[in-house]
Amino acid sequence: MTTTVPTATESTHVSGNEAEADLPVLDVAGLTITYPTEHGPFTAVDDFGLTLRKGQRIAIVGESGSGKTNSCMAIAGFLAPEAVVTAGKMVFRGQNLLARKPSPLPRRSPGLAVVFQDAMNSLDPVWTVGSQLGAVIRTTGKVNRKQARERAAEWLRKVGLHDTDRVLRARPYELSGGMRQRVMIALALAGEPKLLLADEPTSALDATLSRELMLLLVSLTEELGTSVLLVSHDIQLCQEFTDRTIVMRAGKIVEERESRLLAEQAAHPYTQGLLACVPTLDTALLDELPTMNGYLPEVAA
Amino acid sequence: MSGAASVQFTEVVRTFRGKNGAEHAAVDGVSLLVDETVRMGIVGESGSGKSTVVRMMVGLDLPTRGSVEYNGRPTSAMLPNELRAFRAAVQLVAQDTSSSFDPRRTLRDAVRRPAQKLLGMSREEADSEVDTALRDLGLEPRLANRKPHQVSGGQRQRFAIARALVVRPKVLVCDEAVSALDVSVQGSVLNLLKRHCAERGAGLVFVSHGLPATAFIADRLVVMYQGKVVEEGSVEQVMYAPRHAYTRRLVDAYRTTSRIGASA
Amino acid sequence: MTRHLWWLRRLAVLPVHLVIFAIAVFFLVKLVPGDPVRSLSGGQTMTPEQYEAARTALGLSGNVGEQLLRYLHNVVTLDLGNSVANGTSVATEMKTRLPQTAELAIIAMIISSILTLLVGFFVVLKPKNIVSRGLRSYARAAGALPDFCLGVAVIFVFYSVLHWAPAPIGRYDSLLNPPPRSTGFPLIDAALSSDTALLSSMISHLWLPELVLVIAFAPMLMKLFIRSLGQSVGAQATRFRIASGASRTTVALSIGRRALPATVAMFGTIFGFMLGGAVIVEQLFAMPGMGEYAVQAVTRADFIALQGFLLVVGGVSLLVFFLVDVINMLLDPRRRPGVTVEGA
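In this report, we go over the structure that sits alongside the text.

Reading the values: the criteria
Residues numbered from 1 in each chain as written. Chains lettered and ligands numbered in written order. Predicted model: local features only at pLDDT ≥ 70, side-chain atom pairs only at ≥ 80, totals over all residues. Pairing = 2+ DSSP bridges. Helix = DSSP H or I, 4+ residues; strand = E, 2+ residues; numbered from the N terminus. Axes fitted to C-alpha atoms, helices over the stretch in contact; angles between N-to-C directions. Parallel < 35°, antiparallel > 145°, perpendicular 65-115°, else oblique. Left-handed = near helix turned anticlockwise from the far one by under 90°. Contact = placed C-beta atoms within 7 Å. Nonpolar A, V, L, I, M, F, W, Y, C, P; charged D, E, K, R; others polar. Buried ≥ 20, exposed ≤ 12 C-beta atoms within 10 Å, placed from the backbone.

### Observations regarding the sheet that holds strand 8 (residues 195-199) of chain A
All names here are of chain A. With mixed pairing, the 6 strands of this open sheet are ordered in space as 7-8-9-3-10-11. Only two strands of the sheet have a single neighbouring strand rather than two, namely strand 7 (112-115) and strand 11 (252-258). For this sheet, the mean inter-axis angle between neighbouring strands, taken without regard to orientation, is 15°. Across 4 bridges, the pairing between strand 7 and strand 8 is parallel. Counterpart to V115 in the pairing with strand 8 is A198.

### A few points about the environment of A:G178
Positionally, A:G178 belongs in helix 7 (residues 177-190). Separated by 134 residues in the primary sequence, A:G178 and A:A44 have C-alpha atoms spaced 33 Å apart.

### A few points about the packing of helix 1 (residues 6-30) of chain C against helix 4 (residues 64-76) of chain C
All names here are of chain C. Where helix 1 meets helix 4, the closest approach of the two axes is 11 Å, and the angle between their N-to-C directions is 130°. On the basis of the axis angle, helix 1 is oblique to helix 4. As helix 1 packs across helix 4, the resulting crossing turns out to be right-handed. Residues A22, I23 and F26 of helix 1 pack against L68, Y71, L72 and V75 of helix 4. Within the contact of helix 1 with helix 4, the residues separate by chemical class into 7 nonpolar, no polar and no charged.

### A short note on unusual backbone geometry
Residue and element names in this part refer to chain A. We note that E200 has phi near 50°; this positive angle belongs to a residue other than glycine. Relative to the helices and strands, E200 is located in the loop between strand 8 and helix 8 (207-224). With 18 C-beta atoms counted inside 10 Å, the residue E200 sits in the partly exposed group. Its identity is not glycine, yet A250 carries a phi of approximately 50°, on the positive side. Here A250 lies in the loop between strand 10 (244-249) and strand 11. Overall, A250 belongs to the partly exposed group, with 16 C-beta atoms counted inside 10 Å.

### Points about the interface of chain B and chain A
With 37 residues of chain B at the contact, the number on the chain A side is 35 residues. Looking at the side of chain B that touches chain A, the elements with two or more residues in it are helix 6 (183-200), helix 7 (211-217), helix 8 (235-240) and helix 9 (245-260) of chain B. Of all the elements, helix 9 of chain B adds the most residues to the side of chain B that touches chain A, at 10 residues.

Here it is in structure tokens:
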């Protein structure tokens, strides 16, 4: 049973306000991140940039060391304090993200939510789900306790958890892995963010659960009008669920294209190699799997 | 090289006591045979019991009911010298590499020691085996002088594979052994594993939640779901004519994506 | 609703611990060499009847089993017996001396806790500050200083050399009268009696011994708290909280609640050290309290007083451990009995 995913093409405006829809939600240019090491500064990201519009979904694809997580965390404001960040601009809904001061305890950027790879480490282990959801819902506006609780239950139902009373009273360690993942999504979206950064949300999941999670994320963010920046190493996932894909390698952007056209029109040999190397049901029948050797002579080990 | 090595599971059940005292069967009645001629892939989601099966297969755990026998001897009743022979013959590459290396020793030391201890190789012999394995896996020799926490997760995983290969096992068991590797490196490592087992006449048990990689490296597929084996057969049969509903769901999830993937 | 009765399970274990400890004390004191009857009688010859009578008076008649049962019965009824040396009731002595020593330890714990919280938050939230770096090194190194060495050094510096502190001979100036007894805690009693001369004399005599206790023990708490807090602040759970939009207060509470349990557990252990430390400090500064009593009991081989001392100190410690456990179980529900944390 396959489901086709609706994609927002560049020309449709999702909301009524023309001016608002024209202004990008996220505008980054010339982002460079270096870390001081004993051998001199190490460049993790070199001249990264993107423009993300309302309701749009963009994926950043890369392998380890590509700089995709650093770029994402720089936007979120969660880089380690020793990181040196320079950029031409980094603007989120009119707010200059570069003006944020680095600190061990970063401040939140209102309207920006993040989802991480593992729910077990992301959910606060000592508080109940209800109290964590309540804390998020209360920041969306003046709601009393009863309304907040109803809204929390509503969000649980939206992510597919129907035993809302039990889940609200439970603590993260009392839930199964799959339920924790859904709670994490509910927590990220209950604040009704304008931008969702998803850092490898499906990497720990198998194929069926991955698709379920992405379908859920896509339907909920479309309902809210939230833009999504998806960071992943799974190039096929990115192709299926996003509008544009950016490919990074060793800190640099090597390719950027409309997602559904990536397979046909990939220009950079690294992208072509990545696409060819993904294990599929077809490659399973070969005697030898394709490797990067055909595409790039020097692949960092 | 010669000599049989077979691990036989007979109606194996492994239960754990849950928090409310209820018993939960992680593995519920599994029978299978693994020897040096086998190239078996075990797929299933997390919680399907495949990791528990792996632990019992290499003697790290014992069944609650049923028996796990190595060359006819139950693993629960083995003497120390039998255990040594068992461990040398059946090697495991585990999923969690951060805890499977001694943090105080260099990686070269870690990869070399099992060969010295289990096969009685001299340090020089072991070193040359180590160098061959590292080369095959695409690891620079100087990385081996580092400690486990000083290399990336993907590199560490390849060192774990090297450690198992150097011992020349009769059966190599891989539990999510390539999951931490980048896609660009996975292909060459999977090719290497397949070639190594074919050339040395070693058996291979590849356990993963990723169906395509497992289907590539194996001849036969075993599908596990909630502690039971729900499907078993040749790779072609399981992929193209799955019988169980879970298998069909699993194959379908990849069928969508394989349409989008580029064909060579 | 067994979900809410976890503290009952912990409470139920407390009397068991106390009984086991009491039995241990019984046998421990029996290890004191010599025959108490003979050392008390000073070597006089006694008839077998006099000997037996003396043994019965000391509670030593019968075999070990009978003695143990009698002893346990006394402990449960809070009858700690009478001192062998001067016949005074051990329990009465404890009622006076325990608050004196406990006051020293409690004040030191309060000051240490406040310092730990302040230093911890400062060091973790402003790591690049030079003061921060200095404090961090201090916390790492300072835990190694033994309190009696510190005590002697501090008396030498602040009294002998600088004359900033009064002579270390007691809780207050010897010319003043003791405070009227209401709570038993000397400082509180002085404050309640509105005798300002006494109160100020007490405070000036207290600051040096408190300084010793705090310098000796606070670094252990600080080191642990700095590490826990650092981990808690940098944890992914914190970032997720911030990112999901929780208010700054909620984030701070969340960080605190995750960082505290390890330090609170250490708090219990350090309280035990502080009680021991208070005993030493009392000796150094010639203050009356449990320390004086314990030293006297040991030098006179007064095994009943010694038993009483051990039981009281042990009992207080076990009570503190219980409180610490309950607080930690409140802070972190995963520590409650009967909870198993599911793996990912």
